[in-house]
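Below, each chain spelled out in residue letters.
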Amino acid sequence: MPIATPEVYAQMIDAAKKGSFAYPAINVSSSQTLNACLQGFTEAGSDGIIQVSTGGAEYASGPTIKNQVTGAVALAAYAHEVAKNYPVNVALHTDHCPKDKLDGYVRPLIAISQERVDRGENPLFQSHMWDGSAVPVEENLSIAHELLALAAKARIILEIEVGVVGGEEDGVSHEINDKLYTTVEDGLRTIEVLGTGEHGRYITALTFGNVHGVYKPGSVKLRPEVLKDIQEQVGAKIGQERPFDLVFHGGSGSTLEEIRAAVDYGVIKMNIDTDTQYAFTRPAAAHMFNNYDGVLKVDGEVGNKKAYDPRAWGKAAEAGMAARVIHACEDLRSTGTSLNA
C-alpha cells in the first residue's frame, strides 16, 4: 500500500483510540532504518508511523550538506516509493522541532505539502511536530495555533507538546525535575486555544515524567495517572470523553505496565528511537566482531568481500531493528490491527 492518505491516517488514529492500542512511531535516518520499520510493521500486521527528526533529516541529506529539508524530503520520497510493496499503512511524521528550527524545517515542509495539495495530490508528510516545551505555555500555544491553521489547510495533522520531557534528544535538553508533569490547567488552556478539532486536527504530547535517553526499567518515575486526570477533568469541563489524542515521548526504561496504562488513558502514538538505534547497531557490531578477519585486511591479507560488503551487515542490522519494531507493536497492542487486515 502507498503511504497513508490524510483520511486513512485519521482512521488509524480513531481506530487506535477506540481499540485501546497505540502505534509505534519509529525514528529513521536512512533508507536502511526505514526499510527495517516497514518490515517490522508488516511482520506484526500493524500499521505504523515513521518519523524524521531534525538531526535525522540533516544526516540523511549528506554529512557535508546538512540540509534538514533536503534530508526529510528525500526520506519521504523514498518511503512513498518503497511502501507501495508492503501490505500495511504507514504515516510519515517529523519529530521534535524547537522554535529556532521551525523556519528551517517544519514551515518549509508544510509549504511543500501545500504545493502538492494545490495540485490535487496528497501531502508529503501526514503530520509534523512543533516542540514548544522550551518556551512558556502561552507562547507555545500561540505558535501552535498559527501552525495548526497552516497544517489543516495542507491536510496535515499537527503534533504539539504541552509540558517538558527530560533528558536530551537532537540538542534539545531539559532537567529531570517536577516540571516533567503537565497540569490540568495546561490541558484546559490547550483546548481553549486550539479547540477540539474544529480548527484542524492535532495530537498532544502531555508529559507525565517522560525522559529522553537510555534508562533501565524502573529508573524513570512515570505517572500515567496524570494523563487520566487531565483526560477526565478536561473532558468533564467540555463534555467530551477523553478529548485528547495523546503521544508518549521518552519511553525508554518504561515498564510494560506503565506503557499499557498510558495507552488505556488515550495514548495513540509512542515515539521509539533509542531502543531501535541499539537494535540496529547491535547485529552490525556482532558481525564485525565475528568476522573481523574478513572485514579487516589482517596481516596483509585481502579480507573477505562477502564479510565487508555493507549488505552483509546491513541485512543483519535491518533484521534486528525490525524485530524491535515487532516487539513495540506487541507492547502497544497494535499487532494484527492493520486497517488492511
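Residues numbered from 1 in each chain as written. Predicted model: local features only at pLDDT ≥ 70, side-chain atom pairs only at ≥ 80, totals over all residues. Heavy atoms only, no water.

## Section: unusual backbone geometry
Okay, so step 1: Its identity is not glycine, yet Ser-20 carries a phi of approximately 55°, on the positive side.
Okay, so step 2: Assessed through its relative accessible area of 23%, Ser-20 is described here as partly exposed.
Okay, so step 3: With phi around 65°, Arg-155 is a residue other than glycine that occupies positive phi space.
Okay, so step 4: Position of Arg-155 relative to the elements: it lies in the loop between helix H6 (137–153) and strand E5 (157–162).
Okay, so step 5: Using a relative accessible area of 32% as the deciding quantity, one classes Arg-155 as partly exposed. (Buried < 20%, exposed > 50% of the residue type's maximum accessible area, 1.4 Å probe, protein only. Helix = DSSP H or I, 4+ residues; strand = E, 2+ residues; numbered from the N terminus.)

## Quick word on the nonpolar core
Okay, so step 1: Core analysis: the biggest nonpolar cluster contains 76 residues, and Phe-41, Ile-50, Trp-130, Leu-158 and Ile-160 have the highest contact counts within it.
Okay, so step 2: By size, the runner-up hydrophobic cluster in this structure holds 16 residues, among which are Ala-4, Ala-25, Ile-49 and Ile-157. (Core = buried A, V, L, I, M, F, W, Y, C linked by side-chain atoms within 4.5 Å.)

## Section: the packing of aromatic side chains
Okay, so step 1: Evaluation of the coordinates by the stated rule reveals two aromatic pairs.
Okay, so step 2: Pairing Phe-21 with Tyr-23 gives two aromatic rings, centres 5.4 Å apart and planes at 85°, and the pair type is edge-to-face. A single burial state applies to Phe-21 and to Tyr-23, both of which are buried.
Okay, so step 3: Above the ring of Tyr-181, the side-chain terminus of Arg-223 is found at 4.6 Å from the ring centroid. (Phe/Tyr/Trp six-rings, centres within 6.5 Å; stacked < 30°, edge-to-face > 60°. Lys NZ or Arg CZ within 6 Å of the ring centre and 35° of its normal.)

## Overview of the confidence of the model for the protein chain
Okay, so step 1: Across the protein chain, pLDDT averages 92, with 91% of residues at or above 70.
Okay, so step 2: Contacts from residues 172–177, a stretch scored under 50 in pLDDT, to residues over four places away or in other chains number 17 contacts. (pLDDT = per-residue confidence, 0-100. Contact = heavy atoms within 4.5 Å.)

## Thoughts on the packing of helix H2 (residues 31–44) against helix H13 (residues 310–331)
Okay, so step 1: Interaxial distance between H2 and H13 falls to 7 Å at its minimum, and their mutual angle equals 45°. Relative to H13, the element H2 lies oblique. Both H2 and H13 take part in a crossing whose hand is right-handed. The segment H2 lies against H13, with Gln-32, Thr-33, Asn-35, Ala-36, Cys-37, Gln-39, Gly-40, Phe-41, Glu-43 and Ala-44 engaging Gly-314, Glu-318, Met-321, Ala-322, Val-325, Ile-326 and Cys-329.
Okay, so step 2: By residue class, the composition of the contact of H2 with H13 is nine nonpolar, six polar and two charged. (Axes fitted to C-alpha atoms, helices over the stretch in contact; angles between N-to-C directions. Parallel < 35°, antiparallel > 145°, perpendicular 65-115°, else oblique. Left-handed = near helix turned anticlockwise from the far one by under 90°. Nonpolar A, V, L, I, M, F, W, Y, C, P; charged D, E, K, R; others polar.)

## What to know about the pattern of salt bridges
Okay, so step 1: Applying the stated rule across the entire model yields 17 salt bridges.
Okay, so step 2: A salt bridge links Lys-269 to Glu-159; the nearest nitrogen and oxygen atoms lie 2.9 Å apart. Of this pair, Lys-269 sits in strand E10 (residues 267–272) while Glu-159 is found in strand E5, placing the two residues 110 residues apart along the sequence.
Okay, so step 3: Given the relative accessible area of 0%, Glu-159 is considered buried.
Okay, so step 4: Salt-bridge contacts for Arg-201 lead to Asp-245; the nearest nitrogen and oxygen are separated by 3.2 Å. Placement of the pair is Arg-201 in the loop between helix H7 (184–194) and strand E8 (202–206) and Asp-245 in the loop between helix H8 (225–238) and strand E9 (246–248), with a sequence separation of 44 residues.
Okay, so step 5: The exposure class assigned to Arg-201 is partly exposed, which follows from its relative accessible area of 25%.
Okay, so step 6: Residue class for Asp-245 comes out buried when judged on its relative accessible area of 10%.
Okay, so step 7: The structure contains a network of salt bridges with shared partners spanning Asp-14, Lys-17, Arg-201 and Asp-245. (Salt bridge = Lys/Arg side-chain N within 4 Å of Asp/Glu carboxyl O.)

## Regarding the state of the cysteines
Okay, so step 1: Counting across every chain of the model gives zero disulfides.
Okay, so step 2: Free of any disulfide, Cys-37 has its nearest neighbouring cysteine sulfur in Cys-329, separated by 9.8 Å.
Okay, so step 3: Look at Cys-329 and you get buried, because its relative accessible area is 0%. (Disulfide = S-S within 2.5 Å.)

## Details of the side chain of Glu-161
Okay, so step 1: Topologically, Glu-161 is positioned in strand E5.
Okay, so step 2: The side chain of Glu-161 sits in the buried core without any salt bridge; Lys-269 is the nearest counter-charge, 9.2 Å away.
Okay, so step 3: In this structure the side chain of Glu-161 is engaged in a polar contact, spanning 3.1 Å, whose partner is the side chain of His-249.
Okay, so step 4: Excluding its chain neighbours within four sequence positions, the residues that come into contact with Glu-161 are His-96, Met-129, Trp-130, Asp-131, Gly-132, Ser-133, Asn-140, Ala-205, Thr-207 and His-249. (Lys, Arg positive; Asp, Glu negative; His and termini not counted. Polar contact = N/O pair within 3.5 Å; in protein donor to acceptor, adjacent residues only side chain to side chain.)

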